[in-house]
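# Residue-level structure breakdown
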Protein chains: 2
Amino acid sequence: MRVLLTGGAGYIGSHTALVLIERGHEVIVLDDFSNSSREAVRRVEELSGATAQIVEADLADRDAARSALADVAFDAVIHLAGLKAVGESVAQPTRYYRVNLDSTIVLLDLLRERSITNFIFSSSATVYGDPQYSPIDEAHPAGVGLTNPYGWSKFMNEQIVRDAQVAWPELGAVLLRYFNPVGAHPSGRIGEDPSGIPNNLMPFIAQVAVGKRERLSVFGDTYQTVDGTGVRDYIHVMDLAEGHVAALEHNTPGVSTYNLGSGIGSSVLEVVRAFETASGRPVPYAIEAPRSGDVAETVADPSLANAELEWRTTRDLAEACRDSWNWQSGNPAGYRA
Amino acid sequence: MRVLLTGGAGYIGSHTALVLIERGHEVIVLDDFSNSSREAVRRVEELSGATAQIVEADLADRDAARSALADVAFDAVIHLAGLKAVGESVAQPTRYYRVNLDSTIVLLDLLRERSITNFIFSSSATVYGDPQYSPIDEAHPAGVGLTNPYGWSKFMNEQIVRDAQVAWPELGAVLLRYFNPVGAHPSGRIGEDPSGIPNNLMPFIAQVAVGKRERLSVFGDTYQTVDGTGVRDYIHVMDLAEGHVAALEHNTPGVSTYNLGSGIGSSVLEVVRAFETASGRPVPYAIEAPRSGDVAETVADPSLANAELEWRTTRDLAEACRDSWNWQSGNPAGYRA
């Protein structure tokens, strides 16, 4: 298949591009490079020995996106493009809603015009809000008590996709609800390259381990968990990338929703210790007050994806820490030269 | 105040314009006239003896809207513009989401740039979905089990407004959840002028009474209600218009949400009989199967708006039927000459 990969130069995008190419697909990366690097695509090409067509466009700009894609043929879309920083979304809500919703709307219209029915959408476990139970399956209520525009934009996009499919029954749409992506390609050539202060735990820990930051702040140690710190489901980005390709290859008309997670919860302190082991470096941390909106435990029940997509995670936290450290230590400035 | 009234040439818009002018405000009507008429604005001017500035623009088109409003000064916004046909929204979901969400986002950005903090948004009781109890107060869950993109777009717009206010605390936003607007200005010069087959009950009944349509279809007569037909809260459009002006005049920083309804439920057959009495014409009807998604009863608890906005409905169903008939019989082709 010729696969249009929106946001294909980003963290999840670059790993997904690589897995797609290794599975024999052709990849067209659409990205506006506002928060990603052409160097990531170059390294995917280097690792795979294949070339990836690049289309530079802002997908939320209908005219620009249509014009950029006018002569680009493709059979399927994996839609990862979007703004993703939770804190920034609180400060810039209209920007987040505009970019994240309009890009999906523009894309759905384009697919329908061209009768391209294979559509994979990057959603998030954040749509579950403060979970009523854990492990969380796909039947868990979504869209209740969400705490930021980023999360709402994911939930709204899911609804927009569902409604688009009602109006256009031939569409096959898969909504993938990610848990916490971590790790990097084992080569250490591609990985997560946050700009500024990392929003996510593992890149922050990696920057502490490499000496770029003094210490980790751990927000809360009195949750009802194994050691009082928050428990999350960390999924190796290569497993996540394989999940996208499995969704693409199993897609049928209708809307399907899948959790992509490992099913295993790890506390913040467990991640710290795993990273210290993998890196051989100390990761100093300080306990701070819990953040409002944080929940004690979020762990996936991935059994639906296991069964229907014939996909499961095969990499554990230790491997994610090793690969993350490999990327971080080999690229202390990320993709910047 | 100089009030920008988006969708100001529509049914609710034209009545709101008139009440605003009568209360001493200046009105700027922004409309794209895609589903409304300049004649409505002309008649508002005729009734009020004042002029209303007209800005013709598609608010969902950021550049067009900004350019059209570049030299227009205003102090407050009542945002009524949007697509509103439930059935059409199911068939054209991406159009509904794009127009309804983008127009709100464009407007919020414009308000912030200009530090205009008085914002009234036209929401709908449809955000309550299938009500868990009735009368429905504002604490009733919203956004659960909605059945069409029109309703979802209202719910999403409410969330976008809430998040915009978090990022910009000076904003005073009022979300008005309408129940079922009916009736017309008592002059019979302005009223509801649906294009094609009316989506709403009273204009349909009016067209049956005037001989334009053969009979009314009543969907379901086995609901648990007074006579088995669906019960709704019909609010006279002049009461609704006064509710908007009350919201504008009572607006303070923060987000406030109010039901605008009468608090009185009427069944379909009660409306039929009230209309027959008001018009002196028979309204033949046929019972048909219930429509999926319809609920037995939706009635507002308007006590919060009564208390905080110092507003209440003063017109009953008989008056709404009389005014609707007056409009319909005097303007059998609506605003078309």
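The rules we used
Residues numbered from 1 in each chain as written. Chains lettered and ligands numbered in written order. Predicted model: local features only at pLDDT ≥ 70, side-chain atom pairs only at ≥ 80, totals over all residues. Heavy atoms only, no water. UniProt positions renumbered as here; feature names shortened; annotations may be inferred. Core = buried A, V, L, I, M, F, W, Y, C linked by side-chain atoms within 4.5 Å. Buried < 20%, exposed > 50% of the residue type's maximum accessible area, 1.4 Å probe, protein only. Contact = heavy atoms within 4.5 Å. Least-squares fit on C-alpha atoms with pLDDT ≥ 70 in both. Salt bridge = Lys/Arg side-chain N within 4 Å of Asp/Glu carboxyl O. Helix = DSSP H or I, 4+ residues; strand = E, 2+ residues; numbered from the N terminus. Axes fitted to C-alpha atoms, helices over the stretch in contact; angles between N-to-C directions. Parallel < 35°, antiparallel > 145°, perpendicular 65-115°, else oblique. Left-handed = near helix turned anticlockwise from the far one by under 90°. Nonpolar A, V, L, I, M, F, W, Y, C, P; charged D, E, K, R; others polar. Expected span 1.5 Å × (residues − 1). Pairing = 2+ DSSP bridges.

Where an unreviewed UniProt entry is consulted, chain A appears under the name UDP-glucose 4-epimerase, with the organism given as Leucobacter manosquensis. In UniProt, chain A has this text filed under Catalytic activity (unreviewed entry): "UDP-alpha-D-glucose = UDP-alpha-D-galactose". Within the UniProt record for chain A, the comment given under Sequence similarities (unreviewed entry) is "Belongs to the NAD(P)-dependent epimerase/dehydratase family."

### Quick look at the nonpolar core
If you look at the biggest cluster of nonpolar residues, it comprises 67 residues, and the most contacted ones within it are Phe74(A), Phe119(A), Phe74(B) and Phe119(B). Discounting residues that sit within four places of it in the chain, Phe74(B) has contacts with Arg2(B), Leu4(B), Ile28(B), Leu69(B), Leu110(B), Leu111(B), Arg114(B) and Ile116(B).

### Focus on the relation of the copies chain A and chain B
Expressed as a screw transformation, the operator carrying chain A onto chain B has a rotation angle of 180° and an axial translation of 0.0 Å, and the superposed copies differ by an RMSD of 0.0 Å. Expressed as an axis order, the relation between the two copies is that of a two-fold axis. Minimal C-alpha distance to the rotation axis in chain A is attained by Met156(A), lying at 3.6 Å. Both copies share a contact surface, since 100% of the interface residues of chain A are interface residues in chain B too.

### A few points about the pattern of salt bridges
Residues and elements named next belong to chain A. For the structure on display, the rule yields 36 salt bridges over all chains. As a salt-bridge pair, arginine 43 and glutamate 39 come within 2.8 Å of each other at their nearest N and O atoms. Here glutamate 39 and arginine 43 lie together in helix H2 (residues 38-48), a separation of 4 residues that amounts to about one turn. On the basis of relative accessibility, which here comes to 8%, the residue arginine 43 falls in the buried class. If you follow the salt bridges from partner to partner, you end up with Glu39, Arg42, Arg43, Glu46 and Arg189 in one network.

### Here we look at the packing of helix H7 (residues 201-209) of chain A against helix H9 (residues 268-279) of chain A
When two helices pack together, their arrangement is given by the angle between the helix axes and by the axis-to-axis distance. All names here are of chain A. Orientation of H7 relative to H9, taken along the N-to-C sense of each, is 45°, at an axis distance of 11 Å. Judged on the interaxial angle alone, H9 and H7 are oblique. With respect to the hand of their crossing, H7 and H9 are arranged in right-handed fashion. Contacts from Leu201, Met202, Ile205, Ala206 and Ala209 in H7 reach Val268, Val271, Val272, Phe275 and Ser279 in H9. Its residues assigned to classes, the contact of H7 with H9 comprises 9 nonpolar, 1 polar and no charged.

### Some words on helix H5 (residues 93-114) of chain A
Between its terminal C-alpha atoms H5(A) stretches 32 Å, which fits the 32 Å expected from 22 residues at 1.5 Å a residue. Within H5(A), 17 of the 22 residues are buried, which leaves it mostly tucked inside the rest of the structure.

### Focus on the sheet that holds strand S4 (residues 76-79) of chain A
All names here are of chain A. Taken in spatial order, the 7 strands line up as S3-S2-S1-S4-S5-S6-S10 in an open sheet, and their pairing is parallel. With one partner strand each, in any of the chains shown, strand S3 (53-56) and strand S10 (254-260) form the two edges of the open sheet. Averaged over all adjacent pairs, the angle separating strand axes in this sheet is 20°, with direction ignored. As judged from the 7 bridges shared by strand S5 (residues 118-124) and strand S6 (residues 172-178), these two strands associate in the parallel manner. Bridge pairing links phenylalanine 121 to leucine 175 in S6. Packing of H5 onto the sheet brings it into contact with strand S1 (2-6), S4 and S5, and relative to S4 it is tilted by some 175°. Sheet contacts for helix H8 (residues 237-250): S1, S4, S5, S6 and S10; angle to S6, the most-contacted strand, approximately 160°.

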